[in-house]
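# Overview (structure and organization)
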There are 2 protein chains.
Amino acid sequence: MNYPNGLRKNINNTINYGNRGMNLEEDLNITNKYYLDNDIAVIYKKPTPITINHVDYPNRKDAVITNAKFKIPSTTDYNGIYKGKYIDFEAKETANKTSFPLANIHMHQIEHLRKIVKHGGIGFIIVSFSSLNRIFLLDAEKLFEFIDNNNRKSIPLEYFISNAKEMKISLRPRIDYLKYIDWRFL
Amino acid sequence: MNYPNGLRKNINNTINYGNRGMNLEEDLNITNKYYLDNDIAVIYKKPTPITINHVDYPNRKDAVITNAKFKIPSTTDYNGIYKGKYIDFEAKETANKTSFPLANIHMHQIEHLRKIVKHGGIGFIIVSFSSLNRIFLLDAEKLFEFIDNNNRKSIPLEYFISNAKEMKISLRPRIDYLKYIDWRFL
């Protein structure tokens, strides 16, 4: 049930409701823009998938969507290219202090990551424990390992501590996650 | 000025207005599903980017977007992975019989393709001359070559005939564009 998140993030993305403080998505967008501007990588967040039910267009240029619904995404939110490699990841925040609830990721997003890795891409998830101010990059392999060997609804913080890379937030780039990709894959 | 296309494609995507006959986007979606189902490649069309201005949510599950606008895309519509390689392309249809108007592609989409190629990805455009029933795959390099050496608002059909790969439409997959990628890059 990601709709509340999806929704909140989406609104943050598109309307300025004043400074609510940065969230993971904003940090990653700024980071990806830094990578792009500095010719380091070309990685974008995909637009939020929606189903459009009605569009008004007074004229061809000013089409307005007047009825649409959020769709469950088929893929992860982020993909792109870095050093010739295909990069694919999902980023999630949790207020939970002890574990990351797997309900935050759709099963078909995990299946998507399995396909990416199978086809030779670099897949991972970035998880922010917002109440703890800790952010981790967990390789897809390690994510699969946990899911395939544990019948649990959430991944304990300890699993991240021992299997993921903890990332520091800096100024530029905000979250230099590609540094951890270098470390792990290249 | 892609809004009419973007709009039409988007509505076709999301509402069934009955059989209007297939268009390029539908053919590519079916092709990409074939590639996915047969474990050949993982390539998706990105959702249409929109700016959300208002969302109603009677309850958390039934959020309805009641006011949104189409955004000009920053990237191409399609990307993914094939044989470990990053794939990125734009697909356009034209009713024009003699040339492909460059107004159909945003300049920053072309700049995006330049970045992709620079970072080691495989970039191209697929252009359907719908009135002629001819579909071409033009490498990004050849696209740049034309744009950089011609001060023209459209690419003549002849340029496609001599520099692009013409693709046949078949049953499964509908448009086997990866075959031409093999031929060209792998």
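Numbers given to residues run from 1 along each chain, matching the order in which its sequence is written. The lettering of chains begins at A and the numbering of ligands begins at 1, in the order of writing. Note on the predicted model: pLDDT of at least 70 is required for a residue's local features to be given, and 80 or more for side-chain atom pairs to be given and counted; whole-chain, interface and lining totals, by contrast, use all residues. To obtain the side-chain values, all non-hydrogen atoms of the structure were used and water was disregarded.

Here the focus is the packing of helix H3 (residues 107–118) of chain A against helix H4 (residues 140–149) of chain A. If you want to describe how two helices pack, look at the angle between their axes and the distance between the axes. Residues and elements named next belong to chain A. As a packed pair, H3 and H4 sit with axes 10 Å apart at the nearest point and diverge in direction by 130°. Here H3 lies oblique to H4, going by the angle between them. Judged by the twist between their axes, the crossing of H3 over H4 is left-handed. Across the interface between the two elements, Ile110, Leu113, Arg114 and Val117 of H3 pack against Ala140, Glu141, Leu143, Phe144, Ile147 and Asp148 of H4. Just so you know the grouping, Ala, Val, Leu, Ile, Met, Phe, Trp, Tyr, Cys and Pro go in nonpolar, Asp, Glu, Lys and Arg go in charged, and all remaining residues, Gly too, go in polar. Residues belonging to the contact of H3 with H4 are distributed by class as follows: seven nonpolar, no polar and three charged. Axis definition: a line fitted to C-alpha atoms, over the contacting stretch in the case of helices. Angles run 0 to 180 degrees between N-to-C directions. Only runs of H or I of at least four residues qualify as helices and only runs of E of at least two qualify as strands under DSSP, and these elements are numbered from the N terminus. Note on angle classes: values under 35 degrees are labelled roughly parallel, values over 145 roughly antiparallel, values of 65 to 115 roughly perpendicular, and the remainder oblique. Should the near helix be turned counterclockwise from the far one by less than a right angle, the crossing is left-handed, whereas a clockwise turn marks it as right-handed. Contacts: residue pairs with any heavy atoms within 4.5 Å of one another.

Time to look at the interface of chain B and chain A. Put simply, an interface is often sized by how much accessible area is lost when its parts join up. Of the residues lining the interface, 50 residues belong to chain B; the matching set on chain A comes to 50 residues. Two parts placed together each lose some accessible area under a 1.4 Å probe, and adding up what both lose gives the buried area. Here chain B and chain A share an interface that buries about 4300 Å² over both sides, 67% of which is from carbon and sulfur atoms. Notably, a salt bridge pairs Lys118 of chain B with Asp39 of chain A, separated by 2.5 Å at the nearest N-O pair. Elements that contribute at least two residues to the side of chain B that touches chain A include exactly helix H1 (3–14), strand S1 (41–45), strand S2 (50–56), strand S3 (64–70), strand S4 (78–82) and helix H3 (107–118) of chain B. If one sorts the elements of the side of chain B that touches chain A by residue count, S3 of chain B sits on top with seven residues. The residue makeup of the side of chain B that touches chain A, split by class, is 25 nonpolar, 16 polar and nine charged. Should DSSP find at least two bridges between two strands, the strands are taken to pair. Pairing geometry for strand S3 (residues 64–70) of chain A and S3 of chain B, over four bridges, is antiparallel. Bridging across to S3 of chain B, Val64 of chain A finds its partner in Lys69 of chain B. Between Lys or Arg on one side and Asp or Glu on the other, a salt bridge is scored when a side-chain nitrogen of the former is within 4 Å of a carboxyl oxygen of the latter.

As a further point, take the sheet that holds S3 of chain B. Across the sheet, which stays open at both edges, the four strands sit in the order S2(A)-S3(A)-S3(B)-S2(B) with antiparallel pairing between neighbours. The sheet terminates laterally at strand S2 (50–56) of chain A together with S2 of chain B, the two strands that pair on one side only. Strand-to-strand, the axes of this sheet are offset by a mean angle of 30°, without reference to chain direction. Alignment of S2 of chain A against S3 of chain A, held across six bridges, turns out to be antiparallel. Each residue of the ladder has a partner; that of Asp56 of chain A, found in S3 of chain A, is Val64 of chain A.

Residues and elements named next belong to chain B. Expected span of a helix: the number of residues minus one, times 1.5 Å. The terminal C-alpha atoms of H3, which comprises twelve residues, lie 17 Å apart, in line with the 16 Å expected from a rise of 1.5 Å per residue. Exposure is judged per residue with a 1.4 Å probe applied to protein chains only, and the accessible area is read against the type maximum: over 50% gives exposed, under 20% gives buried, and values in between give partly exposed. For H3, every residue scored as buried is listed here: Gln109, Ile110, His112, Leu113 and Ile116. Around the axis of H3, the buried residues are gathered within 155° of arc, so they sit on the same side. Directly beyond the C-terminal end of H3, a positive phi value near 95° is found at Gly120. This arc is built from the directions going out from the helix axis to the C-beta atoms.

Before going further, it helps to spend a moment on the environment of Asp39 of chain A. Locating Asp39 of chain A in the fold gives a position in the loop between helix H2 (24–37) and strand S1 (42–45). Taking the C-alpha atoms as reference points, Asp39 of chain A and Ile135 of chain A, separated by 96 residues in sequence, lie 25 Å from one another. Not counting the four nearest positions on each side in its chain, Asp39 of chain A is found in contact with Lys118 and His119 of chain B.

Attention now moves to the packing of aromatic side chains. Pairing of aromatic side chains here covers Phe, Tyr and the six-membered ring of Trp, requires ring centres within 6.5 Å, and sorts the geometry by plane angle: under 30 degrees stacked, over 60 edge-to-face, intermediate tilted. According to the stated counting rule, one finds 23 aromatic pairs over all chains in the structure shown. Arranged with centres 6.2 Å apart and planes meeting at 65°, the rings of Tyr34 of chain B and Tyr35 of chain B form a pair that is edge-to-face. Given the relative accessible area of 1%, Tyr35 of chain B is considered buried. The structure contains a cluster of three or more aromatic residues connected by ring pairs, namely Tyr34, Tyr35, Tyr78, Phe89, Phe124 and Tyr177 of chain A. Put simply, a charge is over a ring when the Lys NZ or the Arg CZ is close to the ring centre, within 6 Å, and near the line of the ring normal, within 35 degrees. We note Arg114 of chain A situated over the ring of Phe144 of chain A; from NZ or CZ to the ring centre the distance is 4.7 Å.

Attention now goes to the side chain of His119 of chain A. Mapping His119 of chain A onto the fold places it in the loop between H3 and strand S7 (122–129). His119 of chain A gets classed as buried once you look at its relative accessible area, which sits at 12%. Pairing of N or O atoms within 3.5 Å defines a polar contact, subject to two protein rules: one partner must be a possible hydrogen donor and the other a possible acceptor, and residues neighboring in sequence count only if both atoms are side-chain atoms. In this structure the side chain of His119 of chain A is engaged in a polar contact, spanning 3.0 Å, whose partner is the side chain of Asp39 of chain B. If sequence neighbours within four positions are ignored, His119 of chain A has contacts with Asp39, Ile40, Ala41, Val42, Ile81, Lys83 and Gly84 of chain B.

What follows covers the pairing of strand S4 (residues 78–82) of chain A. Residues and elements named next belong to chain A. Of all five residues making up S4, five are buried, and the element is well covered by its neighbours. Burial along S4 is two-sided: Tyr78, Gly80 and Tyr82 facing one way and Asn79 and Ile81 facing the other are all buried. Judged from the four bridges that link them, S1 and S4 form a sheet pairing that is antiparallel. What sits directly across from Lys45, in S4, is Tyr78. Inspection of the sheet shows S4 paired to strand S5 (residues 85–94) by five bridges, in the antiparallel sense. Residue pairing in the sheet places Ile81 in a bridge with Tyr86 of S5. If you look at the hairpin formed by S4 and S5, you'll find two residues sitting between the two strands, and Lys83 has a positive phi there, around 50°.

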